[in-house]
Amino acid sequence: MRALAEELWKDKPGLIGFVLIVTIVLAAILAPLIAPYDPATQAVVGRLKPPVWMAKGDWAHLLGTDQLGRDILSRLIYGARTSLIVGILVVALAGTFGGTIGLLAGFRGGRTDTILMRLVDIQVAFPGLLLILLIVAVIGPSMVTMIVVLALTNWMIYARVVRGIVLSVRQMPYVEAAEMIGCQQSRVIFRHILPNLTSPLLTLGILEFTNIVLAEAALSFLGLGVQPPATSWGLDVSTGKDYIFVAWWLVTFPGLCISVTVLSINLFANWLRVTTDPQEREKRFARARAATRRRQERRAGVGRETP
Amino acid sequence: MGRFILRRLGQGFLVVLGVSLVVFVAMRVFGDPAKVMLPLSATTEQRAEFEHLIGLDRPLPEQFVTFIGELATLDFGDSLWQRRPAMEVVFERLPNTLMLVGAGLGFAMIMALPLGALAALRPGGIIDRVTVIGGLVGLSTPQFWLGLLLIMLFAVQLRILPTSGIGGVSHLILPALTLALPSMARMVLLVRSQVIDELNQQYVKTARAKGLRFHQVLFGHALRNVMIPFITLAGWEVISALAGYTVVVESVFAWPGLGHTAIQAIQRNDLFLLQAIVFTVAIAIVLVNILLDVIYKFIDPRIKLA
């Protein structure tokens, strides 16, 4: 754990990403404590106030107010909750479903495998977002609809990844040995196969989480995700777009929040991928060695004539 | 080749059948088209008449057979909003979407190869770091926000480009750029890591040892091997753009393509038009997938089409 922390400290982009994620998660959890105002409180007199550093800005509203006089900073803090909840729930639902399908396909093999993977192939070729739009339009937009529909359209990648790993792990001598000495199927799956899945599934889940955050924002922006009076960054950009000629801050800040959230997760995941992948570690090690050697040669070569 | 395409068309048929099953279940089992499409003030008689008109009063299996029959003849009924056949509207808007996707992703592909290769020449160098961070920023930016920022900068502040709509080339620049940037970021990162991997391969050392110049190895060997994963990702980008990214970009810029029309159809409760758009895009995706496999064959003779 300590060694891991030290490695993260050396990778500055990864560290920045990690710190930002922790900040955002804390802000979301502690929203009622740190938000200066209720995100839905309207104030007719204080509409479209600019952020504090502008000429007409005011310390009462650090990032200004929107067209209904609601405090933007408070809305951003509460908006983090929506993004995180939707992201976590969708990844958990889709990961569980897709993972189970992949496990079943890889473990059973044969006809089960063929049928399940054909199903995956077919659904991967679906017109994703358009189909989501159609379903949401028919059933009616709400946060629950969005979560279910996003989970039902994003499970395939987990199935493919899990199946691939299960297929290769099944060939391993220790799994064959476990089957040979008469372990029950459930024991083979849970004791011997599942532990191999944690690391790749973790990385995949984190990367998928960013996609879901972006998808939630896009759906809410299009008016088919989170519905007012609930708050969401995508929703706030959508209401702010009618005011881009007079109030740039309405669109800029919520969008920036989405971008920073996704970027910090990507920076962290990038570090995580390189750190947990033995091949990548080896490459990085070789590169560092080569760099040191070049530096030493250069230093040693100062006195000599250079070719 | 002919047999291969036939087989892939068969698989594509399964995809379209799957889409139609999902649409049918969503619309007829979970949803209620009469409730969505009729005004709130509709009387019970009007409701019954509408349900009879589109066959909602028939048993579900019979409805499904009729539904598939209508699909096969590309008959999606009349658009409620435009009061003319839905397919007519689709064919009118489809070229605009194809133009946007072509311009945006064409730009992204042309830029991604040199940028990614340049970054890969010195891994860990200053160009490489800027490219990687830039790439991560690019794929972390929501497209609708990027579009609005570009509008604020170029149309509202600088007043050099139009905010929205369709017209000359100047109308195409901002939407195409918005569509391109996240895709470009993904492609640059892919090309970079692939070129780094290729340049570390043994054949590169062999080629250098027998006297080839570095650029000969790069263009003649390394980049050619990068083309396969590059085309895979580029194809995926085209497909996901068609499958939905254009919806976001087109509605930000009011670009009259299929995506913007889909949102307008939803706002006007025009399910027939929406359904026609979804199927057109599903068929387009099937065709792009087949095209990709054929392109693979031409790029890499080792690949056998089966």
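Everything in this summary refers to the structure shown in the same document. Predicted, not measured: the structure shown is a model, and the values here were computed from it.

With that out of the way, let us pick up the overall build of chain B. A tally of regular secondary structure across chain B gives 12 helices and zero strands. Going residue by residue from the N terminus, the α and β elements of chain B occur as α-α-α-α-α-α-α-α-α-α-α-α. Oriented by its inertia axes, the alpha-carbon framework of chain B measures out at about 85 × 55 × 30 Å. Looking at chain B as a whole, 50% of its 306 residues are labelled buried. Taking the intrachain contacts of chain B between residues at least 6 apart in sequence as the baseline, contacts between residues at least 24 apart amount to 74%. Of the roughly 15,000 Å² that chain B leaves accessible, carbon and sulfur atoms contribute 65%. One finds the centroid of the 24 positive side-chain charges in chain B at a distance of 18 Å from the centroid of its 19 negative side-chain charges.

Where empty space is left can be seen by rolling a probe of water-molecule size over the atoms. Residues and elements named next belong to chain A. Taken as a whole, the second largest pocket holds about 680 Å³ of empty space. As for the second largest pocket, its lining consists of 31 residues, and the residues nearest its centre are I88, V91, L202, G205 and I206. Within the residue set of the lining of the second largest pocket, elements represented by two or more residues are α2 (12-29), α4 (72-108), α8 (156-170), α11 (198-221) and α13 (249-276). Here the element with the most residues in the lining of the second largest pocket is α4; it accounts for 11 residues.

One pass over the full model with this rule turns up nine aromatic pairs over all chains. Ring centres of F24 of chain B and F64 of chain B lie 4.9 Å apart, and the angle between their planes is 70°; on these two criteria the pair is classed as edge-to-face. Note that F24 of chain B is positioned in helix α1 (residues 2-30) and F64 of chain B in helix α4 (residues 60-72), a separation of 40 residues in sequence. In this structure, K12 of chain A is placed above the aromatic ring of W9 of chain A, and the distance from its NZ or CZ to the ring centre is 4.8 Å. We note K241 of chain A situated over the ring of F221 of chain A; from NZ or CZ to the ring centre the distance is 5.3 Å.

Let us look at the interface of chain A and chain B. The interface of chain A with chain B comprises 41 residues on the first partner and 51 residues on the second. Summed over both sides, the interface between chain A and chain B buries roughly 3,800 Å², with carbon and sulfur atoms accounting for 82% of that surface. Sorting the residues of chain A by area buried against chain B places L130, L134 and V138 of chain A first, and these three jointly supply 18% of that buried surface. Taken together, the links from chain A to chain B amount to six residue pairs in polar contact (both at pLDDT 80 or more). Listed by contribution, the elements that provide at least two residues to the side of chain A that touches chain B are α5 (110-124), α6 (128-139), α11, α12 (233-240), α13 and α14 (278-300) of chain A. The leading source of residues in the side of chain A that touches chain B is α13 of chain A, at 11 residues.

Residues and elements named next belong to chain A. Their axes nearest at 7 Å, the elements α2 and α13 cross at an angle of 130°. Classified by the angle between their axes, α2 and α13 sit oblique to one another. The hand of the α2/α13 crossing is left-handed. Every residue of α13 that contacts α2 at P13, G14, G17, F18, L20, I21 and I24 is listed here: V260, T261, S264, I265, L267, F268 and W271. Classifying every residue of the contact of α2 with α13 by side-chain character gives 10 nonpolar, four polar and no charged.

What follows concerns the side chain of S251 of chain B. Mapped onto the secondary structure, S251 of chain B falls in helix α10 (residues 214-253). Residue S251 of chain B is classed as buried on the basis of its relative accessible area, which comes to 17%. Those residues in contact with S251 of chain B, other than ones at most four positions away along the chain, are L222 of chain A together with T246, H260 and I263 of chain B.

Together, R289, R293, R294, R295, R298 and R299 of chain A together with R122 of chain B give the surface a local cluster of positive charge. Since its relative accessible area comes to 44%, R295 of chain A is described here as partly exposed.

Reading guide: rules and limits
Residues numbered from 1 in each chain as written. Chains lettered and ligands numbered in written order. Predicted model: local features only at pLDDT ≥ 70, side-chain atom pairs only at ≥ 80, totals over all residues. Heavy atoms only, no water. Helix = DSSP H or I, 4+ residues; strand = E, 2+ residues; numbered from the N terminus. Buried < 20%, exposed > 50% of the residue type's maximum accessible area, 1.4 Å probe, protein only. Contact = heavy atoms within 4.5 Å. Areas by Shrake-Rupley, 256 points an atom, 1.4 Å probe, with all protein chains shown as cover. Lys, Arg positive; Asp, Glu negative; His and termini not counted. Charge placed at Lys NZ, Arg CZ, Asp CG, Glu CD. 1 Å grid on protein atoms, 1.4 Å probe; cavity = no way out; pocket = protein on both sides within 12 Å on 5 of 7 lines; lining within 4 Å. Points joined across faces, edges and corners; volume = space filled by probe spheres on them. Phe/Tyr/Trp six-rings, centres within 6.5 Å; stacked < 30°, edge-to-face > 60°. Lys NZ or Arg CZ within 6 Å of the ring centre and 35° of its normal. Buried area = accessible area lost by both parts, 1.4 Å probe. Polar contact = N/O pair within 3.5 Å; in protein donor to acceptor, adjacent residues only side chain to side chain. Axes fitted to C-alpha atoms, helices over the stretch in contact; angles between N-to-C directions. Parallel < 35°, antiparallel > 145°, perpendicular 65-115°, else oblique. Left-handed = near helix turned anticlockwise from the far one by under 90°. Nonpolar A, V, L, I, M, F, W, Y, C, P; charged D, E, K, R; others polar. Patch = residues over 30% accessible without salt bridge, like charges linked within 9 Å, V, L, I, M, F, W, Y side chains within 5 Å. Salt bridge = Lys/Arg side-chain N within 4 Å of Asp/Glu carboxyl O.

By themselves, these observations are geometric and do not establish any function.
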